[in-house]
Structures are given as structure tokens and as C-alpha cells.
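Given next are the chains, with one letter for each unit.
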Amino acid sequence: MKITGTFLDEISYDIPHQNWGPEEWEKDFQDMKSIGIDTVILIRCGLIKQISYPSAYLMEKFGCMEPASDLVEMFLSLADKYDMKFYFGTYDSGSCWDKDAFEYETQINYPLVDEAWARYGHHRSFAGWYLSVEISRRRKVAAESYAALGKYCKKVSGGLPVMISPFLDPVKAEDDQKAALEAHQKDWEEILQIIQGAVDIVAFQDGTVPEWELENYLRTGVTLMKRHGISCWTNCETFDRDMPIHFLPIKWEKMWHKLCAAENAGIDKAITFEFSHFMSPNSIYRAAGNLFKRYKEYAGIK
Amino acid sequence: MKITGTFLDEISYDIPHQNWGPEEWEKDFQDMKSIGIDTVILIRCGLIKQISYPSAYLMEKFGCMEPASDLVEMFLSLADKYDMKFYFGTYDSGSCWDKDAFEYETQINYPLVDEAWARYGHHRSFAGWYLSVEISRRRKVAAESYAALGKYCKKVSGGLPVMISPFLDPVKAEDDQKAALEAHQKDWEEILQIIQGAVDIVAFQDGTVPEWELENYLRTGVTLMKRHGISCWTNCETFDRDMPIHFLPIKWEKMWHKLCAAENAGIDKAITFEFSHFMSPNSIYRAAGNLFKRYKEYAGIK
Amino acid sequence: MKITGTFLDEISYDIPHQNWGPEEWEKDFQDMKSIGIDTVILIRCGLIKQISYPSAYLMEKFGCMEPASDLVEMFLSLADKYDMKFYFGTYDSGSCWDKDAFEYETQINYPLVDEAWARYGHHRSFAGWYLSVEISRRRKVAAESYAALGKYCKKVSGGLPVMISPFLDPVKAEDDQKAALEAHQKDWEEILQIIQGAVDIVAFQDGTVPEWELENYLRTGVTLMKRHGISCWTNCETFDRDMPIHFLPIKWEKMWHKLCAAENAGIDKAITFEFSHFMSPNSIYRAAGNLFKRYKEYAGIK
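Fair warning: this is a prediction, and the values are worked out from it, not measured in the lab.

1. Some details on the relation of the copies chain A and chain C
Reasoning step 1: Turning chain A through 120° and shifting it by 0.0 Å along the axis lays it on chain C, with an RMSD of 0.0 Å. A rotation of that kind, with that shift, is consistent with a three-fold axis. Ranked by how close their C-alpha atoms come to the rotation axis, the residues of chain A are headed by I245 of chain A, at 3.8 Å.

See below:
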């Protein structure tokens, strides 16, 4: 199971910044390319007051701060140059996650989608949309809102695909694994009925269930998605959730177990959150460069 | 707005040690010099049992541990050599911060100031004093104590300037910004009346209010200080307070917003906490080296 | 006081992984050798579901995950090659630490000891056993269990030595230091009567009491151990427990104080937890490489 896509986490909740400029980014795109990454996904175009491009809409409407540069333009140009697909991540206002807030979160994104498409839709690498607010089966109340936003993205862009990356609700050691898996199946079946036709790709975050349970969750996902004509990807997290330092690169063996689980489950494509901090030779973390080496050995890349 | 000064955080509360020896320190002073840093401020000469020079007073009186080397002598020699101004930071016994403790904290520093001046006052780079216990407008009860200590420092040293670096009391998102700003103005007016003549420089920590509120706070500070003949500097923090890992180098864009705010507010001089960990090419953190590059691009330094 | 041994922390509770392969490990063994390290101790051979070698017993009995490689074989081969002594650390199932759990923890390790000896006992570097569950004077209720396990290890392996590395119960600043030290002495006297003949080496963790109290604790330990014919080592921790980031390399000066305390107390041998992350030039943490330099200056190693 090869990693062929990665998120770009430039406007981050919780990952420290690497302080790269255009040169460092170009070097990293080259290294992505060298291991077969063909897809990059902007995790979000803005978070509360920080934004990744000088959006007139976000600066006027939400008082966002003018960015130092246009990251979206830079990423799209690099994706054009290195022949990758770019997914544009929507804005996250930071409001909390009940049903009404979710509706609000999606409502405020309609004008943003218009603006983004008008500014950047001409890039040949502009390949789709990423709905950035994370959901899970326990937030299915929100499915109608983001299904509507997904449809709007597709309409504006002539049908470009829409991706989400939900987390798997963690199952504690003492829980009944069988019951948890049945709930996962039942809830996602209901969600898929709502989002079918609005969302094209579901990439489950693979770090919120134990590695030894993952294969069952992914296999259930694959079966469900197939029935609804949705692609089932895995978001193979390359940061470690289980260490006291939040967050450093994952242990290779753990990543290997997760890739094996995805392969066994028949997953369509593996992406990661994310290459540049956690598995790049250019990362500020040396363990990421070592992970890059271990991954290349596994994937048979020289 | 250029960074022309930095703290030296060798006896640290919460920043991991880089384990530099004299060679690594000299290299770092050279890199400071290369971007125009002309001022270094020892954050404190001792903290509880750890001390930065073999102080007979602190070892006898507080059972401090003998240090492995004389850092103060090393820093002053480097400052002499590279033509920088050195500020000596007072001792922090670690006692808590009520009024009585504050008086105690300042009382124990009188003999220390004598000792430090006797040992190091001959260095031509010995340019002033830094009162190391942090204060804020909500701790104004303490102002009389450290005004007295400031006056004593000046008396001992023939009038060398005294610096403090208070934090701005954080204002939560839901607070009334206007009221918070008025309280900031009113309280600092009272403090300045007390410390006038004892403190020459106030360098506000710029990381405890949101970047988009900072300019107002600094502008208020500049106006107040001018009235009292006190220099108003900004302490442009180069570590990130808002990430789960406490602490790694700040995102360049955030630093840029803060430098712009200081420039717009008419700030006299910008220093940072601190160069060696957070924006140096020699730092143990690679993001610091990248911040150094971004800062040099901004400042037009080759 | 020289560091001549180190733990190997490949199956870790709380230290992020460096993602080394065989090449990186060989380089690190060479650097260990260069400063006189002659002893390596595997901290544990497995933790809950993660294991360091493909143990049929652990995979069948506890559903442990198949490891990506056989680390134990690799470590023993490197220890053979570089003429070091290797101590094998027992399995930690993660169950809690009351008396019954402790008995359970030791019971499940009997078959493991058999398996490990059968697989690896032929290596000439296989020099002893490390009982991996940590104890302290307040857990003396557990002494009988691990004394039994220690005896079993010795029986299986023809009398190879058994090591433990207990922590010193932390003494708060406000506590009565004299009373704490007496309790330390009394409790350890009782423990030693139980474990005598089953445990050959006690290496106290040196990071849980203040540096300025350490010498007294170690001296008491040395006196007690001598009476019972047990070697008294120090486990000189090279990570810093007192900083907000858990955990980064320790400040050299702190390590120096601890080594001086051990030397003054007449300690037999100093090992560390652990070289590869915290004091190696190959570490992902640059401060570790700097600590390596400072340590070599202290030890007079070119």
C-alpha cells in the first residue's frame, strides 16, 4: 500500500510551523514526487483569523489578518509544475460543533467557494474540494449541511470531486469491539445515504482506533462505500497520537501495521496527514527523515 | 521594525537546554551581530538553586549549587568583543508573587547587585540592569518594591539604565476589548507614576494578547511612556504560546504581524525572547533556522 | 564518574521513536563504544501489544503484533561485535501495579524467560537479565514476586546476573529531608533482605530527587548494598523531567551535578537512560549531540 497523497497543513490548529519559504516548499514537492505522491490536499484555507491567501471575503467578513503571501497560488503552481492534483480545503471559523454551528460553518463557506473558484479555478491542478470540518459517525446530525456544501462545490466547479476525512470514533480497550464495529457500520450507512452524490471520497483517519482493530473498521468502510459509489481511502496518519509530546513523527512499525491493515481491507488509495512535517527528509523533525528512509525501503523506492 | 536585542535564557524556567559550550556561544553571538543585534539581556542570574556564576552570596545564603562555569563572565566577554550592551538580570528565588513575597524577592537582591557590580562592573559592555521577576498591571501592588530595587541598581552603578519586561494581561475573545484597553491604560498610568525615575525601559511581552489587538496596546504604551520619559520597547516573542508543544519557534507570519504592529505603534526598539533557541541558525530547533532566513528576507539582510 | 552502560528504549512508553534501521543502530553502537560504553540493557522486550522480537509466546498468549524485525537479534549481534554485555528486559503487560498485578506480571514472564534464553542464550554478549517493571520502596510489597522471577532467570541461564532500576521516591521541598532519608534506608533494608540472592545489581534512577539531595540517597544505597553483596549502580538519567516538553535531553550542568554526587557516594558503575535519544550525536534531538560533546570534555575523551 503506497502513500500517494498528502495533506498540506499550513494553517494549523496544533502543529508547529516549519517556517518554509517558496524554495523549501519546492524542494518538498520534489521529494513528494520522488515517492509517487500525486495528490495534495490543503487542510483548510483559513482558521479563525489566519488565512492562506488574501481573501477579500474573509478579511472583510471575519476580520482575518492579511497573510504574508499567497500560499494557495504557490501550492497550485507547484502542483501544476509537478503534475499533481490539488484539493482546496474550506474555511474553519473555529465555532463549535453542534448542529446549528455546523450549518453556520457551511453557510459561511458558500461565498468562499465562489471566491476560491474565481481566483484559482483556472489552474490545471485544481482537482477537487476538501470539506475541512472533521466529522465522525457521532456527528451525523451534520451530514445534511455538508452534503449541501459538497453539492455546491461540485456545481460551481463543473463537478469536481469532494473529499472528507472523518475520524473513527475511538473504542476503548474495555469496550465491546463487536458492538462498536456494528455501530460504526450502522451509523455510516445512514450518513452515506445522506451524502451520496455530494461527497466522492471518504478518507478515514487511521490513528484513532488501535492498530490491531483498524483492518476491521476499514473493511467495513470499503464494503459500505462500494455500495454507494464512493471511493474509500485511508488517511494514514504519520504523527504519533500516543506519546506525551503532541505531536512528533510516528514509529515506522506502527505505520507499517496501518498500511498492512489498509492493504488487507482493499482500500483504494492511501494519503497521509502529513508528509511535510512527519515523513519528509526536509522536516524540522529528524525522525521524519528517518521515517522517509524506512518507508522507501518498504515501498522499494531507491 | 528590526530586532536589535535578545534575552539570554541560560537559567531557564521552562525552555530545554541546548548544551552549548563557549564555542557554540561565540558562533551564536556572531550570528546575532550579523543581523544587527546590539543588546543582550541575561534573563536572570539565578533561579532557586541554579546560578549562572559562582556567587558566594547565593551559594552561602540560599544553598545554590556551584555552576560548571561562569556564564556571566563569558557573556560579558563576548559582548565586549562584539560591541554589544549587556543587561544583568537579577536573581529569582522562586517564591510566589504576592506583595510580601515581592518585597522579599527584591530585598534579597540588594547584596546580589553589590556583588555583581563588584565582579563585573569593569566590563565595558555592562550597560544596565534587568529586573527579572515579571510583573503586569494586575501586580501593580509590587511596583514600589521594584522601583526601590531599580533605584538601588542605578545608584550602585553610577546611573546605568534599568529594564523590565512585563506581560500584557491577556484579554479573552469574549471580553470587551475597549474596556480591557482602558484598564490597561489606567493601571499602567498608576504604575508609571511609581516607577518613574527607577525604571528606564519597559519592554512589553507581545505574545499574551492576540496579534490583531497588539497594536492598540503598544500604541497606548508608547503614549504613556513618553509622558513619563521612559523608553517603550517591544519584547517580540519568537516562541509560540499557542501550540501544544511548549515551546517551539513561532510561525514567521505571526512574528511579522507583531513586528508590523510595533512599527505602526511607534515602538522605540524591538528585542526578542529569545534569539538562541527560537530564531538562531544554531538552534536545536530547525524551525528556528528557518525563522532566521524568513526574518533576514523581511529585514533585507543578505 | 564515567557512563559505561545504557538502556535501549526501543519499545517505549513515552519516548518518541527515532525510526532507525540497522545502519543507524550500528553507527550508534560505534559511538557508544567510543566513549567507553560496555553494557547495553534492553528496557523491555515487549509492552502490551508491541514486541521487540517475533515471540510465539507473546503473539499467541497476548495477541501481540508481529514486529517488523527482530530487534533482540540485532542488538545481541551488535553487542557481540562490539564486545558489550547485553541484559535482556522482561515483558510488561501494562497491568497496574498492586500486589496481585505484580504477581501476575511476574508469572507471565516465566515462559518468556524460557523462550528468550532458548532463542538468544547462545550469544556471547547475553550477560544478564533486567526486570523491567519499575519498583520503589513504596512498592516493597512486590519484592517477593520479583525476587522469585530473578531467581528463575538465574536458574535458567546458569546464574547470569539480574538487574533492577528502581526510582527514588520523590521528596518534596517542604518535606523533612532527614525523615525521608531514614524511610529510604529502612524500607530498602527490608527489600534487600527479600531480594538478596535473586537480584545482583540495583541501579537507582537519579532523576526523582533534587540534585542537591542525591548524594545522600546514593551513599545510603551504597552502604546498604555492600552489606547484602549487591552492586550499587546509578542510572544517570539524561532526559529532563523538569521541563514542560516531556522529554528532551537534560542540561549538561544538571548531569554533571548528578555524576559528581554518584562519584562522591562511591557508586560502582554509571549507566544512563538512555544514550541513543538523549546523549548521542545521532539523536533526533540536537541538544543530545551537544550533550555528547560536553560529556566528552568532562570525561577527557577526544
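There is more to say after this.
2. Digging into the packing of aromatic side chains
Reasoning step 1: Scanning the model with the defined rule gives 78 aromatic pairs over all chains in all.
Reasoning step 2: With a centroid separation of 6.2 Å and an interplanar angle of 20°, the aromatic rings of F29 of chain B and F75 of chain B are classed as stacked. With F29 of chain B in helix α1 (residues 22-34) and F75 of chain B in helix α3 (residues 71-81), this pair connects stretches of sequence that are 46 residues apart. As far as burial versus exposure is concerned, F29 of chain B and F75 of chain B are alike and both buried.
Reasoning step 3: Centroid distance F86 of chain B to F126 of chain B: 6.2 Å. Interplanar angle 65°. Geometry classified as edge-to-face. One end of the pair, F86 of chain B, is in strand β5 (residues 85-89); the other, F126 of chain B, is in strand β7 (residues 126-130), with 40 residues separating them in the sequence.
Reasoning step 4: A relative accessible area of 0% means that F86 of chain B is categorised as buried.
Reasoning step 5: Each member of the aromatic cluster is reached from another via a ring pair, and the members are F7, Y130, F239, F247, F273, F278 and Y285 of chain A.

3. Focus: unusual backbone geometry
Reasoning step 1: Here the residue pair H246 of chain A and F247 of chain A is connected by a cis peptide bond, since its omega of 10° sits within 30 degrees of zero.
Reasoning step 2: Among the structural elements, F247 of chain A can be located in the loop between β10 (231-235) and α9 (252-265).
Reasoning step 3: Residue F273 of chain B is joined to E274 of chain B through a cis peptide bond whose omega torsion reads -25°.
Reasoning step 4: Relative to the helices and strands, E274 of chain B is located in the loop between β11 (269-272) and α10 (275-278).
Reasoning step 5: A positive phi is found at N19 of chain B, a non-glycine position, where the angle reads about 60°.
Reasoning step 6: The exposure class of N19 of chain B is buried, given its relative accessible area of 1%.
Reasoning step 7: A positive phi angle, near 55°, is found at D83 of chain B, a position not held by glycine.
Reasoning step 8: Among the secondary structure elements, D83 of chain B is positioned in the loop between α3 and β5.

4. Remarks on the interface of chain B and chain A
Reasoning step 1: Each partner contributes residues to the interface: chain B has 19 residues there, and chain A has 30 residues.
Reasoning step 2: Summing both sides of the interface, chain B and chain A together bury roughly 1900 Å²; the carbon and sulfur share of this comes to 59%.
Reasoning step 3: Interface area lost by chain B to chain A is led by W212, K251 and R286 of chain B, which between them contribute 29%.
Reasoning step 4: The interface formed by chain B and chain A holds 2 salt bridges in total.

5. Some thoughts on the relation of the copies chain B and chain A
Reasoning step 1: Of the two same-sequence chains, chain B is brought onto chain A (RMSD 0.0 Å, axial shift 0.0 Å) by a rotation of 120°.
Reasoning step 2: Residue by residue, only 11% of the interface of chain B is reproduced at the interface of chain A, so the copies engage with different surfaces.

6. Re the pairing of β10 of chain A
All names here are of chain A.
Reasoning step 1: For β10, the tally of buried residues reaches 4 of 5 residues, placing the bulk of the element in the interior.
Reasoning step 2: Note: strand β9 (residues 201-205) against β10, 5 bridges, orientation parallel. Pairing of I201 across the sheet is with S231, part of β10.
Reasoning step 3: As for the winding sense of the linkage, the β-α-β connection from β9 through helix α8 (residues 211-228) to β10 is right-handed.
Reasoning step 4: One ladder, built from 3 bridges, connects β10 with strand β11 (residues 269-272); its direction is parallel. Its bridge partner being in β11, N235 is matched across the sheet by I271.
Reasoning step 5: One crossover worth recording links β10 to the parallel β11 by way of α9, and it is right-handed.

7. Details of the interface of chain A and chain C
Interfaces are often sized by the amount of accessible area the parts lose when they come together.
Reasoning step 1: Listed per partner, the contact involves 19 residues of chain A and 30 residues of chain C.
Reasoning step 2: Both sides together, the interface formed by chain A and chain C hides about 1900 Å², and carbon and sulfur atoms give 59% of it.
Reasoning step 3: Measuring nitrogen to oxygen at the nearest pair gives 3.5 Å for the salt bridge that ties K293 of chain A to E24 of chain C.
Reasoning step 4: Across the chain A-chain C interface, the total number found is 12 residue pairs in polar contact (both at pLDDT 80 or more).
Reasoning step 5: Where the side of chain A that touches chain C is concerned, the elements lending two or more residues are α8, α9 and α11 (286-299) of chain A.
Reasoning step 6: Here the side of chain A that touches chain C is composed, by residue class, of 10 nonpolar, 2 polar and 7 charged.

8. Quick word on the pairing of strand β1 (residues 3-8) of chain A
Residues and elements named next belong to chain A.
Reasoning step 1: With 6 of 6 residues buried, β1 lies mostly within the body of the structure.
Reasoning step 2: Where β1 meets β11, 3 bridges bridge the pair, whose relative direction is parallel. When the sheet's bridge partners are listed, I3 is paired in β11 with A270.
Reasoning step 3: Here 4 bridges tie β1 to strand β2 (residues 39-42), and the two strands are oriented parallel to one another. Of the residues in β2, the one forming a bridge with T6 is V40.
Reasoning step 4: Between β1 and its parallel partner β2, the chain crosses via helix α1 (residues 22-34), and the hand of that crossover is right-handed.

9. Notes on the sheet that holds strand β1 (residues 3-8) of chain C
Reasoning step 1: In spatial order, the strands read β1-β2-β5-β7-β8-β9-β10-β11 (chain C); together these 8 strands close into a barrel with parallel pairing. Each neighbouring strand pair of the sheet contributes to a mean axis angle of 30°, computed without reference to strand direction.

10. Quick notes on empty space enclosed by the protein
Reasoning step 1: Taken as a whole and assessed by the stated rule, the structure comprises 9 cavities of 30 Å³ or more.
Reasoning step 2: Estimates place the volume of the largest cavity at around 340 Å³.
Reasoning step 3: Lining the largest cavity we find 23 residues, and of these Y285 of chain A, I284 and Y285 of chain B together with I284 and Y285 of chain C sit closest to its centre.
Reasoning step 4: Looking at the lining of the largest cavity, the elements with two or more residues in it are α11 of chain A, α11 (286-299) of chain B together with α11 (286-299) of chain C.

11. Overview of the environment of L8 of chain B
All names here are of chain B.
Reasoning step 1: The topology assignment puts L8 in strand β1 (residues 3-8).
Reasoning step 2: By relative accessible area, which is 0% here, L8 ends up buried.
Reasoning step 3: For the pair L8 and F204, spaced 196 residues apart in sequence, the C-alpha to C-alpha distance is 17 Å.
Reasoning step 4: Residue contacts for L8: discarding those within four places in its chain leaves W25, F29, M32, V40, I41, L42, I43, F75 and F86.

12. A look at the pattern of salt bridges
Reasoning step 1: For the structure on display, the rule yields 54 salt bridges over all chains.
Reasoning step 2: Where R294 of chain B meets E24 of chain A, a salt bridge forms, and the shortest distance between an N and an O atom there is 3.3 Å. Here R294 of chain B is found in helix α11, whereas its partner E24 of chain A is found in helix α1 on a different chain.
Reasoning step 3: On the basis of relative accessibility, which here comes to 7%, the residue R294 of chain B falls in the buried class.

13. Looking at α11 of chain B
Reasoning step 1: The end-to-end C-alpha separation of α11 of chain B is 20 Å, in line with the 20 Å expected for 14 residues at 1.5 Å each.
Reasoning step 2: By the criterion of burial, α11 of chain B is predominantly enclosed, with 10 of the 14 residues buried.
Reasoning step 3: Those residues of α11 of chain B that fall on the buried side of the exposure criterion are A287, A288, G289, N290, L291, F292, R294, Y295, K296 and A299 of chain B.
Reasoning step 4: The inward-facing, buried residues of α11 of chain B abut α1 of chain A together with β1, α1, α9 (252-265) and α10 of chain B.
Reasoning step 5: Two residues or fewer past α11 of chain B, G300 of chain B is found with a positive phi of approximately 70°.

The rules we used
- Residues numbered from 1 in each chain as written.
- Chains lettered and ligands numbered in written order.
- Predicted model: local features only at pLDDT ≥ 70, side-chain atom pairs only at ≥ 80, totals over all residues.
- Heavy atoms only, no water.
- Least-squares fit on C-alpha atoms with pLDDT ≥ 70 in both.
- Phe/Tyr/Trp six-rings, centres within 6.5 Å; stacked < 30°, edge-to-face > 60°.
- Helix = DSSP H or I, 4+ residues; strand = E, 2+ residues; numbered from the N terminus.
- Buried < 20%, exposed > 50% of the residue type's maximum accessible area, 1.4 Å probe, protein only.
- Contact = heavy atoms within 4.5 Å.
- Buried area = accessible area lost by both parts, 1.4 Å probe.
- Salt bridge = Lys/Arg side-chain N within 4 Å of Asp/Glu carboxyl O.
- Pairing = 2+ DSSP bridges.
- Right-handed = clockwise from strand over helix to strand, strands pointing away.
- Polar contact = N/O pair within 3.5 Å; in protein donor to acceptor, adjacent residues only side chain to side chain.
- Nonpolar A, V, L, I, M, F, W, Y, C, P; charged D, E, K, R; others polar.
- Axes fitted to C-alpha atoms, helices over the stretch in contact; angles between N-to-C directions.
- 1 Å grid on protein atoms, 1.4 Å probe; cavity = no way out; pocket = protein on both sides within 12 Å on 5 of 7 lines; lining within 4 Å.
- Points joined across faces, edges and corners; volume = space filled by probe spheres on them.
- Expected span 1.5 Å × (residues − 1).

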